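Single-letter residue listing:
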Amino acid sequence: MKRVNSLFWVLLLSAFGMALHAQTQVSGNVTDTDGEPLIGASILVEGTSTGTVTDLDGNYTLTIPANAETLLFTYTGFEATTVAIVPGKTEYDVELAQGLQLSEIVVSGQGVGIERKRLTSTVDVITSEQLELAPVTQLDQILQSRLPGAQIRQTSGQAGTASIIRNRGPITANGSTTPVIIIDGVRVDNLNSNPSLGLATGGAASSSLADIPVEAIERVEFIRGGAATTLYGADAANGVLQIFTKRGTAGQARVSGGIMAGIMVGETEFLRFQETADILYEPGLVQQYRLGVDGGSERVTYNFAGSFYNDDGFIDIQTQRRISGRFGLKAIVSDDLTYSGSAAFTSNFFTRDYNANTSFARYGNLEGGDFGLLDELPQSTIDSIRTNYAEQGSLTDITDAVRRFQTSQQLTYTPFKGFTSRLIVGLDNRSNRAEDLQTNALLISKGAVGQGTADQGAITRSTRNFLTLTTDLALSYEAEVGDFTFTTQAGGQLIRNQDEQLSITATNLVEGSISLNNTADREVQEFFRAVAFGGFYVAENIGFKNKLFIDLGLRWDFNSAFGEDIGLVNLKRAGIRYSLTDEPFMQQGSLSDIITRLSFRANYGEASNFPTPFARDQVFNSIAFNGSPAYTFGNPGNSELGPEVVTTVEVGADVSFIKGRVGGSITYYESVTEDALFTPPSVPSSGQNAQQANVGEIENTGFEIEAFIKPIETRDIDFVINASLITNENIVTSSGGAPEFNVGGFTFLGAFVKEGLPLGYLRGDIATINENGEIEIERLANLGKTNPDGYGTLGFNFRWKRLNIFGSADYQYGAQAVAVDDVLRFFGGVADEDRFPEEIANASGLSFFDLAGYWVEDANFFKVRNIGVSYNLDVSSSFFSYIKLGFNMRNPIVTGSASFDPEVTGAGIQAQNGFSGGGFGFGTESAPKQYLFSVDFGF
Amino acid sequence: MKNLSINLMRFVVVLLLAIFLWTCEDSEETFDPINPNLSVDNVIGTIESASRTLLGAERQLSLTLNEFVAVGAIASDNYVNTRTFFNQNFDALTIATTDADVNALQFDIARLRALTTLALDEVGPADPDYTSEQESGYFFLRGMAYLYGGSYFAVLPAEAGGNAVPAADHLANAVADFTSAIQADGTGTYGLAAHIGRLRANYLLGNKTEAVSDANAIISAAPDFLYSANFDGINTSAADNNTMQDALFDRGSFDDLQPLPTLDFLDPKYNGSDPNFDFPTPVVKVEEAHFILAEAALSEGRLEDAKDIMRDIIGLVATRPTATFDDRVEGRTHLAPGSRPDTSFVMVAPGPDRPLESGLVLDRGAEEVTVPTVSGTSYDNADIDAIGDIDFAYESLYRMRQEVFIAEGMRFIDLGLRMPVSQNEADANPNIRDTDQQAVIPPFLASAGDIDAIDYDAAAGTATVLVNVNRLISENRTSAFVAPFE
């Protein structure tokens, strides 16, 4: 009973457990082949999750279970090594050889965890060492330029706003390309757009990615959508991003902390008028304070990390404040049962300005030519605009408050050798309240109402509460028979999401009040969406002589969003990896000196996205119309509504040469979204609403190429350069005969879905001069596409003794986007010079609809996201275990091919994780430059 | 030890699953969440279903108006679309089968027809409280769906996925439904409104006798009859707001549609600063009956009779309400202030050969501006007295019509413009032929150039309408496109 009580308290109160059994303690030192200590190398009791990392001198101490047999040593960029535990021996010094980290244990794509070498597909990994190089504030910023296989595009410079995350092209017209995000095995909210009932302040929407606590991240694994995500079931077709958090390592309490401070300044590179910066931009202070503690006994370890972040933005009224903390705990309950848990809380508060397509947008109005050519105005006019804008700013009151709680509770049971079972239960609860408070004074300052107006004040409040619950059971059994090794996996998940939103608009707000209670009229809207889904799977990974691996998997999915005619959906995958360098003949002589590693892989797999919850149901709408219910047709209903299934075939190779000094990988992928979920207009003569149906087909093909080179690698100096290139060709191969439909932008110039063209191609009219000198207007022409032909990352890391200099950049090419700001400037008679050919500019009778094509520009860019330097002080004779000084520049160099920021094109993103092609540059500030100093320490 | 662990494991699994289930409010919903919206079973045969569906159909009528009033005004000479995102192509009389507004109007007409058909066939009969007034309402509103189909389109399917049938068929269906509405409840609002609906359908069909008969009937039964489409100004859903009010006034510091200077004194018909109220749009009003009688008289050469009727119209219009609103934010235009007539100092010539008239332009930017909200006209009895021939009588009658029906979507029809069957319909409906996808632009308009062009001399305070479209109607009244009684 005492044990039951202990477990109960451990589980529910996350308290420290009790040591129940005597353990063995082992220690040692981990170095590279040159004898240089490896800092942060991972040591794991094989087959368990018991482990630790080396300190700054490469030393480690680990308490291992009595039945532990093997230690696994891993380090990024090095070959993993296993060492058998000899009874009585407590010191194990290990030397790791460089190379591709194919023996690393990865979890992604598999239930419990598997050697990376056995995987037949690629996994991008970001380790905590990489994460800690630069100050960490927001998840998508962390990922940007660090995940070679994914593109992360910030859609607004305003803090905490949505980003476009993409890999392998847009696979669906029915949603965004944001991957599933899993923290410690628990799915979390990944709404990466405005909610359905979000505030309409012009496109700036808080993204749920912005408030995922980034403290205590041990590692991030990203698997691209396709064969690797089959076993994740619903919605995993966009890929899966897994975050694993720290649980602490045994020993005395270690305290770590950090202070980061700096400034952010508005980006001027893409401004039409430099005066915009003079009027609006002002440098803002950025500060972050972190504190962490970890330690524990032999049987119970813990980790706590918390931080406070504040920035004043780069415009007077854009600010962000965040407090977050995470607690992790791991307890060995008995020889065969381990508990592990984490819990995190974050509270975010933003203040924002009006943006993009609202006439209140200060930035948008300046750049949109509302005042004509700013660069030709006298200074006195600029000064008066500045004064007026400062007043507007002081009266603007748009806020967004987010609170989020997440937890993961995990039990691992290993009753006998080779068998592991793991149960995870957890939840993510995110609530936010966005509010736009418009006083009469604000409206008067904006010129929207006349002086003396007293009855136009309003409050718009949007609230969202999202809860997702995950239960995940995974079983794994490893066996060895002769030359064959078998890893058998089985398991299942049960997940439930519930999204509740309210939008309240209250008008005739009396001056001096900020309460809904003090308004004369109130109107409310509700949004409710709930979905339960899950599935079960079996998978078999067969290895032959450690060089040939075959991977087979089957999954059955159920989902409450499926139509009643759809039962379980079956998904399949199969893959193979062959490691040529594991052949004996490759390991002899000079060949092995040249080719360190060469393996080939091929995969086939199916992944799915589920339909919009409730889209299957036929309903009537009862609409409040002048105070009474008014019935009309609602969703027509579709009993055959099922998931869209993305079938991916990929082949690739991983290679490294000259003892791992040069290497890379190449993958060709071809994915076909079958039964793609389209919501095309119904035949107009039916008078019925558009109904979601599995009628489309979308194809994505391309190459993924990653490469690294280490030109210098000595005891004192390391220099690594890495680069990636992902190409993509996207086409809607079939629309099932359905009419073309809009997925973003405007009617006259929007993103549309049409058979034979890329998903979300840009459509509009274009007037040209024919050979006879006459004007010809091509109606609804294909003007471009928002998805790039290619994108990638570029990075380097240079270490000289204790000094690290690093940088990362990313780029895209072959996409187009719309210069919406210039459409507005055109209205004001100040369109960009040379926008139109002379004959077109001088032609009479052409409307801006006819000119749409001229506002489509190439959206290529190259952006250096980070350049930083850090220095580890020598603290060997001090109280500190480390002190790291850092200086980091964010967005130091940005360049693009368009008259606007080609990355900041979020005006084309649909609400509620709808299609997110982007592609509309519309009165939105670029991400600011930041100059950040940091001190990190531990003792 | 092992057994204890397994027992612990079981205990924990049960505990965690229980937590999972308990976290949901209703465990029965855990795996099958319930759609909170209204199922079909909750509509047919339920309390108040007939009245709620009638209100839904009236709302659908309003939504249909939202699709054609603004774009119809843009296509006509009434308004120029200087720089709004409302349809720019219509302003140049480019009415394409692929145009989103063409498609949206077909959809809304079909939806109004489908909703009223469901109401007549199922919802009404299943509701024990179904009244003859409701039945009359369903018939009237379905009649309006057919009427719009027959007046905005040359051909259009009359049923889901059906052939595109000629406008005359839609108008005949409209006449039948309006007749049923009158039969169901001849004295109620819908029955009276059906008289005007039926006279318009007969007018467009050229059935003078039937149209005149209905005109006389409604003038006698309800001499100030007005049936308007209401909007919901409180709900923030843009669809339920008056789109034309948005196009004319509510756009704050964005530009709005700019009226022809001869119509400036009527703009914006829908206005006001109450954010919770949107002005209703007249759907049928008794003025139309008088116009039918006047045009019938002119078609028979009875000039003086027609002039008498026009005087009646002036008298009737004078009884209609006006609204005074704060016009300080509206501009002519916002981005180019003063580029269009914006003071009462400006005199306007309604055609290049017409004399300048005063009183047509109001002082814009004034704190108080007053405009008619149902009907208005610049004509007075002296103007009518001065009409000396049939040609000028037609020109004057159509100018008066243009004024009285401004911002109601009527001018598009009066000009003989017709939309084509939309591309979306053609894509999804195999019965659509290529010939169904042609818009109708009367040749005299197509060759007239920019029909809402003006010549404005701000310094001199004069503005001239460069194309006298009412003259064109008069001159071409024997064509098949306009003035159906000729």
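In short, a report on the structure. For clarity, every value in this text was computed on a predicted model and none was experimentally measured.

Thoughts on the overall build of chain A
Helix and strand counts for chain A come out as 10 helices and 48 strands. Dimensions of chain A, computed from C-alpha atoms along their principal axes, come out at roughly 90 × 65 × 60 Å. Expressed as a percentage of the 939 residues in chain A, the buried residues total 58%. Taking contacts inside chain A between residues at least 6 apart in sequence as the whole, the part at least 24 apart equals 70%.

With respect to unusual backbone geometry
Residue and element names in this part refer to chain B. Across the junction of aspartate 267 and proline 268, the peptide omega takes the value -10 degrees, indicating a cis bond. Mapped onto the fold, proline 268 is located in the loop between strand S6 (258-259) and strand S7 (281-285). Phi is positive for leucine 93, close to 55 degrees, though the residue is something other than glycine. For leucine 93, the location among the structural elements is in the loop between strand S2 (79-80) and helix H3 (100-126). The phi dihedral of alanine 483 is positive, around 45 degrees, even though this residue is not glycine. Take alanine 483: it is sitting in the segment after helix H16 (469-475). Judged by C-beta crowding, with 22 C-beta atoms within 10 Å, alanine 483 ranks as buried.

What to know about the packing of helix H9 (residues 287-299) of chain B against helix H10 (residues 303-318) of chain B
All names here are of chain B. Close contact between H9 and H10 brings their axes to 8 Å; oriented N to C, the two are set at 165 degrees. Put simply, H9 runs roughly antiparallel to H10. For the crossing formed where H9 meets H10, the hand is left-handed. When H9 is examined against H10, the residues Glu287, His290, Phe291, Leu293, Ala294, Ala297 and Leu298 are found in contact with a partner set consisting of Leu303, Asp305, Ala306, Ile309, Met310, Asp312, Ile313, Leu316 and Val317. Of the residues belonging to the contact of H9 with H10, the class tally is 12 nonpolar, 1 polar and 3 charged.

Side note on the nonpolar core
Formed by 151 residues in total, the largest nonpolar core has its most connected members in A:Ala173, A:Val818, A:Ala852 and A:Trp855. No other element matches the 6 residues that strand S26 (residues 519-544) of chain A contributes to this core. Non-local contacts of A:Ala173, meaning those with residues more than four positions away in its chain, are made with A:Ala676, A:Leu677, A:Phe678, A:Gly696, A:Val743, A:Val753, A:Leu759 and A:Phe915. If you look at the next biggest cluster of nonpolar residues, it comprises 141 residues, including B:Ala211, B:Met244, B:Leu362 and B:Met410.

Comments concerning the interface of chain B and chain A
With 77 residues of chain B at the interface, the matching set in chain A holds 70 residues. Within the residue set of the side of chain B that touches chain A, elements represented by two or more residues are helix H1 (2-23), strand S1 (38-39), helix H2 (49-75), H3 and helix H14 (423-428) of chain B. A total of 12 residues in the side of chain B that touches chain A trace back to one element, the largest contributor, which is H1(B). Of the residues assigned to the side of chain B that touches chain A, the class counts are 35 nonpolar, 25 polar and 17 charged.

Looking at the environment of A:Asp57
Residues and elements named next belong to chain A. Mapped onto the elements of the fold, aspartate 57 is located in the loop between strand S3 (51-53) and strand S4 (59-64). Among the residues examined, aspartate 57 registers 14 C-beta atoms within 10 Å and is labelled partly exposed. Each C-alpha atom, one on aspartate 57 and one on arginine 890, is 30 Å from the other, the two residues being 833 residues apart in sequence.

Considering the sheet that holds strand S12 (residues 462-465) of chain B
Residue and element names in this part refer to chain B. Spatially, 3 strands are ordered S9-S12-S11 in an open sheet, and the strand pairing comes out mixed. Of all the strands in the sheet, just strand S9 (347-349) and strand S11 (454-457) have a single pairing partner and so form its edges. Looking at each pair of strands side by side, their axes are set apart by 15 degrees on average, direction ignored. Bridge count between S11 and S12: 4 bridges; the pairing is antiparallel. By the bridge assignment for S12, aspartate 455 is matched with threonine 464.

Rules and cut-offs
- Note that residues are indexed from 1 along each chain, following the sequence as it is written.
- Chains and ligands are labelled by the order in which they are written, letters from A for the one and numbers from 1 for the other.
- For this predicted model, a pLDDT threshold of at least 70 governs which residues receive local features, and a threshold of 80 or more governs which side-chain atom pairs are given and counted, while totals over whole chains, interfaces and linings are taken from all residues.
- Comment: elements are numbered from the N terminus, with helices defined as DSSP H or I runs of at least four residues and strands as E runs of at least two.
- Here the C-beta atoms are placed from the backbone, and a residue counts as buried if at least 20 other C-beta atoms lie within 10 Å of its own, exposed if 12 or fewer do, and partly exposed otherwise.
- Note on contacts: each residue gets a C-beta atom placed from the backbone, and two residues are in contact if those atoms are within 7 Å.
- All axes are obtained by fitting lines to C-alpha atoms, using only the stretch in contact for helices, and the reported angles, taken between N-to-C directions, cover 0 to 180 degrees.
- With respect to orientation, any angle under 35 degrees is reported as roughly parallel, any angle over 145 as roughly antiparallel, any angle of 65 to 115 as roughly perpendicular, and every other angle as oblique.
- Helix crossings are classified by the rotation of the near helix relative to the far one: an anticlockwise turn of less than a right angle makes the crossing left-handed, while a clockwise turn makes it right-handed.
- Each residue receives one of three labels: charged for Asp, Glu, Lys and Arg, nonpolar for Ala, Val, Leu, Ile, Met, Phe, Trp, Tyr, Cys and Pro, and polar for the others, Gly being one of them.
- For this analysis, nonpolar core means a set of buried Ala, Val, Leu, Ile, Met, Phe, Trp, Tyr and Cys residues linked through C-beta atoms within 7 Å.
- We call two strands paired when DSSP finds no fewer than two bridges between them.

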